[in-house]
Amino acid sequence: MLKRIQKILRWVVVLFFATSIGAVVLYRFLPVYVTPLMLIRCGQQVGRGETLRLRHHWVSLDEMSIYMPVAVMASEDQRFLEHHGFDFDAIGKALEENRKGKRQRGASTISQQTAKNVFLWPGHSWARKGLEAYFTFLVELCWSKQRIMEVYLNSIEMGDGIYGAEAVAQWHFGCTAAQLTRPQCALIAATLPNPLRFSSKNPSGYMLQRQTWIMRQMKFINPMMNDE
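Residues numbered from 1 in each chain as written. Predicted model: local features only at pLDDT ≥ 70, side-chain atom pairs only at ≥ 80, totals over all residues. Heavy atoms only, no water.

Brief notes about helix H6 (residues 126-142)
- With 17 residues, H6 should cover 24 Å at 1.5 Å per step; its first-to-last C-alpha distance of 24 Å lies within 8% of that length.
- For H6, the set of buried residues is Arg128, Glu132, Tyr134, Phe135, Thr136, Leu138, Val139, Glu140 and Cys142.
- Buried residues along H6 sit against helix H1 (2-26), helix H5 (110-119) and helix H7 (145-155). (Helix = DSSP H or I, 4+ residues; strand = E, 2+ residues; numbered from the N terminus. Expected span 1.5 Å × (residues − 1). Buried < 20%, exposed > 50% of the residue type's maximum accessible area, 1.4 Å probe, protein only. Contact = heavy atoms within 4.5 Å.)

Regarding the sheet that holds strand E3 (residues 162-163)
- Taken in spatial order, the three strands of this open sheet run E1-E3-E2, and their pairing is mixed. Lying at the two open borders of the sheet, with one neighbouring strand each, are strand E1 (55-56) and strand E2 (157-159).
- Examined bridge by bridge, E2 and E3 share two bridges and lie antiparallel to one another. Pairing of Gly159 across the sheet is with Ile162, part of E3. (Pairing = 2+ DSSP bridges.)

Let's talk about the packing of aromatic side chains
- Per the counting criterion, the structure on display carries eight aromatic pairs.
- An angle of 55 degrees between the planes, with centres 6.0 Å apart, marks the rings of Tyr27 and Phe119 as tilted. Remark: Phe119 occurs in helix H5 and Tyr27 occurs in the loop between H1 and helix H2 (36-47); sequence separation between them is 92 residues.
- Here Phe119 and Trp143 contribute two aromatic rings whose centre-to-centre distance is 6.4 Å and whose plane-to-plane angle is 45 degrees, an arrangement assigned as tilted. Of this pair, Phe119 sits in helix H5 while Trp143 sits in the loop between H6 and H7; the two residues are 24 residues apart in sequence, bridging distant segments of the chain. (Phe/Tyr/Trp six-rings, centres within 6.5 Å; stacked < 30°, edge-to-face > 60°.)

Structural notes on the pattern of salt bridges
- Per the stated rule, a full pass over the model turns up nine salt bridges.
- Glu140 serves as the salt-bridge partner of Lys145, at 2.8 Å between the closest nitrogen and oxygen.
- Among the residues examined, Glu140 registers a relative accessible area of 15% and is labelled buried.
- A salt bridge links Glu150 to Arg147, with the nearest nitrogen and oxygen atoms 2.6 Å apart. Residue Glu150 and its partner Arg147 are both found in helix H7; the two are separated by three residues, about one turn of the helix. The residues Glu150 and Arg147 share a single accessibility class, namely buried. (Salt bridge = Lys/Arg side-chain N within 4 Å of Asp/Glu carboxyl O.)

Considerations on the nonpolar core
- Val72, Met149 and Leu153 are the most contacted members of the largest nonpolar core, which has 52 residues in total.
- Put simply, the parts of the chain that give this core at least two residues each are helix H3 (67-76), H5, H6, H7, helix H8 (165-173), helix H9 (182-191) and helix H10 (205-218).
- Among all residues touching Val72, those that are not within four sequence positions of it are Asp77, Ile110, Met149, Tyr152, Leu153, Ala189 and Leu192. (Core = buried A, V, L, I, M, F, W, Y, C linked by side-chain atoms within 4.5 Å.)

A look at the packing of H3 against H9
- Relative orientation of the contacting elements H3 and H9 amounts to 40 degrees, with a least axis distance of 8 Å. The angle between the axes of H3 and H9 places the two elements in the oblique class. You can see that H3 and H9 cross each other, and the crossing is right-handed. On H9, the residues that touch Tyr67, Met68, Ala71, Val72, Ser75 and Glu76 of H3 are Arg182, Cys185, Ala186, Ile188 and Ala189.
- Here the contact of H3 with H9 is composed, by residue class, of eight nonpolar, one polar and two charged. (Axes fitted to C-alpha atoms, helices over the stretch in contact; angles between N-to-C directions. Parallel < 35°, antiparallel > 145°, perpendicular 65-115°, else oblique. Left-handed = near helix turned anticlockwise from the far one by under 90°. Nonpolar A, V, L, I, M, F, W, Y, C, P; charged D, E, K, R; others polar.)

Things to note about a nonpolar patch on the surface
- Residues Val13, Phe16, Phe17, Ile21, Val25, Leu26, Phe29 and Leu30 make up a contiguous nonpolar surface patch of about 700 Å² in total accessible area.
- Looking at the element boundaries, Ile21 is found in helix H1.
- In this structure Ile21 comes out as partly exposed when scored by relative accessible area, which is 38%. (Patch = residues over 30% accessible without salt bridge, like charges linked within 9 Å, V, L, I, M, F, W, Y side chains within 5 Å. Areas by Shrake-Rupley, 256 points an atom, 1.4 Å probe, with all protein chains shown as cover.)

Observations regarding H9
- Within H9, eight of the 10 residues are buried, leaving the element largely enclosed by the surrounding structure.
- Residues Gln184, Cys185, Ala186, Leu187, Ile188, Ala189, Ala190 and Thr191 constitute the buried set of H9.
- For H9, the secondary structure elements touched by its buried residues are H3, E2, H8 and H10.

Here you go:
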C-alpha cells in the first residue's frame, strides 16, 4: 500500500510539472481568454443573484496606447524591465515597514501579478504564495517582457466585471485601447491596487491625486520594451 501511494504521488508531481510548464509554454503564443479570477467573480455574481458581468476582449500590445504599459509600470512596478520577476529591494523595504508597524507596502511585481491572475486564485496562504513564485519563475523564463506586459494588460481586473485595457477603454471611456490618452492610462493605473473600490469612470479626489503622481512618474519610465 505504501509503495502504491508513493507511486501515485510521483505521478501527481510529474503531472503537475508537465501541465504547468505546458500551460506556460502555450500561453507564450495563445491569447488568454479566461482566467480563474474571472470565473470566481462570475460565481460570486451568481451567488448574489446578480446579472453576469464579464467584459473582456483580447488585443495585442501593439493595439494599445503606448502610454498604457508606461502607466502601469509607473504605478505598479518601476523596475519591471530590470528585475527577473522579483523585486528584492521592494520586498526588503516592505518587510522593514511591516516590522516597524507602518502601513503595509505591496511588493508584488507585474510578473507576479500576471502569474497569479492567469494561473492561480486570489489569496494569501503560503501554499498559494509558493505557487505564485513557481509560476513567476516559469513566466520570466519562457516569456519576453513584452509578452508578460501584454498578458498582464489583457487579464488584469480593471473594474466590476471588466478585465483588460480594451474592455475598460470601451466601458469607461467610450474608445478603444489604442485611443486611450496619457491621463486616461494614468487614471486606469491608479485604480489597480483595488479596481472594485476605485473607479476610473467616476474617480474620487484621491484617484485624481494618484493620477497626477503617476503622470509625474511616467516621465522617468523607459517606454521601450526590448524583447530580451
